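Below are the chains, spelled out letter by letter.
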Amino acid sequence: MTTVLQARPHNFVSTPAIERLSSRALRYLQSGYSVHLRGAAGTGKTTLGLHLADLLGRPIMVLFGDDEFTTADLIGNQLGYTRKKVVDNFIHSVVKVEDELRHNWVDSRLTLACREGFTLVYDEFNRSRPEVNNVLLSALEEKLLVLPPSGNRPEYIRVHPQFRAIFTSNPEEYCGVHGTQDALLDRLITINMPEPDELTQQQIVVKKTGIDADSALLIVRIVQAFQSAAIADSVSSLRPCLIIGTVCQEHEIAVLPENPEFREICGDILLSRSEQPFAEATQQLWTIFNQLIAEPKTRQPLAEKTLASAGLHRITPELVSEEAVETLAETRAVATAEAETTALDRLLATHEQTIYQHLEVVGSARLAELETTLGLSRFQVVNALKSLIEKGLLHKQETPGAPSIYQIHIA
Ligand SMILES: Nc1ncnc2c1ncn2[C@@H]1O[C@H](COP(=O)(O)OP(=O)(O)OP(=O)(O)O)[C@@H](O)[C@H]1O
């Protein structure tokens, strides 16, 4: 059975850089084009693809490219038979027997999405062989999906006007990735996903790991510094940042370059990613830690505050005892509580406030009305509405077949 996904990318983080990318992509999708997000591993293509699909508000089908794929995996297949036998003995001396055998056809995800107007997210589509993806050509351009010949069902499906496809791919130099036929690329709008900027990575690490903003920033800076010195550009630093953040947060390990445990974790996660000899890569990483210790100015301001409250104004490796590291871990909790609202939070809060105040006046509104009346993008409205609903300030009234209505929640 084909499964329809109601994807809500968990804890999606939106920063000005992501918002710009999303609104570009959303604009193309709304104009009827399919979008292709291309970029290095871990830059957030799949997450953004699912988020865009969510913004389109249609059911979502997700496909993961695979070298073993055949066309049948995209469009569907004959699955079993149905047999019908009619024995007509109306006149007792005459027996008429009709025996009919039919193939059963089962739609695959692309076919279902084209037929019903769902959004297809085809992740890492260039892991499938190019000839397998050929069926997409007519679906995207002529809006016709061609099925294998059959006597008992149509061989063409007219693609539903609301069908949209969002493709993601890794660069062609990656292992296990195929080249893409020009004809397919020509039908897509390709957006190159850059390495997420520092603010974006920091916000993602905070949201996904629960670590405080300063520790997240320090992790991002260490990983980025190591990445630029020792790792090829073709992978993003976001995943290692998330892994380091998660481990430190779950095991309450102080994120400080002086902390031997933290250094070990960074070593375990980063060194194997480098193509340099192990000793050289280790040297690079230790140089980064030592620079951070020697130049505390390069650290984030709250870490300084943390250190000061632990009684360590000037840090050298000798000064930092195990005990001090423990104290730092405790004081970090205090510093976390002090973490100021970021520029992004303030920006989102503004949109939330605008929408809330508007709803206070008008009582209720639909998403499209909020967009046009308040001059906000779909992206901004959806994010603000989600956040207001999560805070219990709004509720969403759903009526089958009609757009949802948003109202202020009255306790
Ligand atoms: N905007 C975002 N909000 C929250 N988390 C994000 C965001 N962007 C990326 N992430 C997180 O970063 C990690 C990598 O993202 P994702 O898997 O989308 O990257 P990708 O480019 O598709 O990687 P790959 O090419 O290896 O499949 C995931 O854990 C994802 O949850």
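Rules behind the numbers
- Residues numbered from 1 in each chain as written.
- Predicted model: local features only at pLDDT ≥ 70, side-chain atom pairs only at ≥ 80, totals over all residues.
- Heavy atoms only, no water.
- Near = heavy atom within 4 Å.
- Polar contact = N/O pair within 3.5 Å; in protein donor to acceptor, adjacent residues only side chain to side chain.
- Helix = DSSP H or I, 4+ residues; strand = E, 2+ residues; numbered from the N terminus.
- Nonpolar A, V, L, I, M, F, W, Y, C, P; charged D, E, K, R; others polar.
- Expected span 1.5 Å × (residues − 1).
- Buried < 20%, exposed > 50% of the residue type's maximum accessible area, 1.4 Å probe, protein only.
- Contact = heavy atoms within 4.5 Å.
- pLDDT = per-residue confidence, 0-100.
- Phe/Tyr/Trp six-rings, centres within 6.5 Å; stacked < 30°, edge-to-face > 60°.
- Salt bridge = Lys/Arg side-chain N within 4 Å of Asp/Glu carboxyl O.

*Asks:* Would you mind going over the site of the ligand with me for this structure?
*Replies:* The environment of the ligand is made up of 19 residues, and the closest members are Val-13, Lys-45, Thr-46, Thr-47 and Lys-208. One nitrogen or oxygen atom from the main chain of Gly-44 is found 3.0 Å from an oxygen atom belonging to the ligand. When residues of the shell around the ligand are traced back to their parent elements, those giving at least two are helix H2 (45–56), helix H7 (198–209) and helix H9 (238–250). Its residues assigned to classes, the shell around the ligand shows 8 nonpolar, 7 polar and 4 charged.

*Asks:* Whenever I open this one, H2 confuses me. Can you help?
*Replies:* In an α-helix, one full turn covers 3.6 residues, which means residues spaced three or four apart are oriented alike. Given a rise of 1.5 Å per residue, 12 residues ought to cover 16 Å, and the 17 Å separating the end C-alpha atoms of H2 matches this to within 8%. A large share of H2 lies buried, amounting to 9 of its 12 residues. Regarding H2, the residues found buried are Lys-45, Leu-48, Gly-49, Leu-50, His-51, Leu-52, Ala-53, Asp-54 and Leu-55. Its buried side turned inward, H2 meets helix H1 (16–30), strand E1 (34–38), strand E2 (60–64), strand E5 (119–123), strand E8 (164–169) and helix H16 (378–390). One or two positions beyond H2, positive phi appears at Gly-57, with a value near 75°.

*Asks:* What is the right way to read the confidence of the model for the chain from this model?
*Replies:* One rule of thumb: low pLDDT means the predicted coordinates there are not for detailed reading. The predicted model of the chain averages 80 in pLDDT, with 79% of residues at 70 or higher. Scored below 50 in pLDDT, residues 301–321 shows 34 contacts in the model against residues more than four places distant or in partner chains. Within the model, pLDDT remains below 50 along residues 331–344, and this stretch shows 23 contacts once partners closer than five positions in the same chain are excluded.

*Asks:* Help me understand the packing of aromatic side chains in this model?
*Replies:* The description of an aromatic ring pair uses the distance of the two centres, along with the angle that the planes make with each other. Counted by the stated rule, this structure contains 5 aromatic pairs. When the ring of Phe-125 is compared with that of Phe-167, the centres are 5.2 Å apart and the planes differ by 75°; the resulting orientation is edge-to-face. Pair noted here: Phe-125 is in the loop between E5 and helix H5 (135–141) and Phe-167 is in strand E8, with a separation of 42 residues, a long-range link. Of the two residues examined, Phe-125 and Phe-167, each falls in the buried class. A ring pair is formed by Phe-262 and Phe-289, whose centres lie 6.2 Å apart and whose planes are at 65°; its orientation type is edge-to-face. Here Phe-262, found in helix H10 (residues 260–270), pairs with Phe-289, found in helix H11 (residues 278–294); they are 27 residues apart in sequence, far enough to count as distant. We classify Phe-289 as buried; its relative accessible area is 0%.

*Asks:* Explain the pattern of salt bridges to me, please; I cannot follow it from the model alone.
*Replies:* Where charged atoms from two side chains of opposite charge come close, those side chains can pair. For the structure shown, the criterion picks out 6 salt bridges. Notably, a salt bridge pairs Glu-131 with Arg-129, separated by 3.1 Å at the nearest N-O pair. Residue Arg-221 pairs with Glu-198 through a salt bridge whose shortest N-O separation is 3.1 Å. Of the two residues, Arg-221 sits in helix H8 (residues 213–230) while Glu-198 sits in helix H7, which places them 23 residues apart along the sequence.

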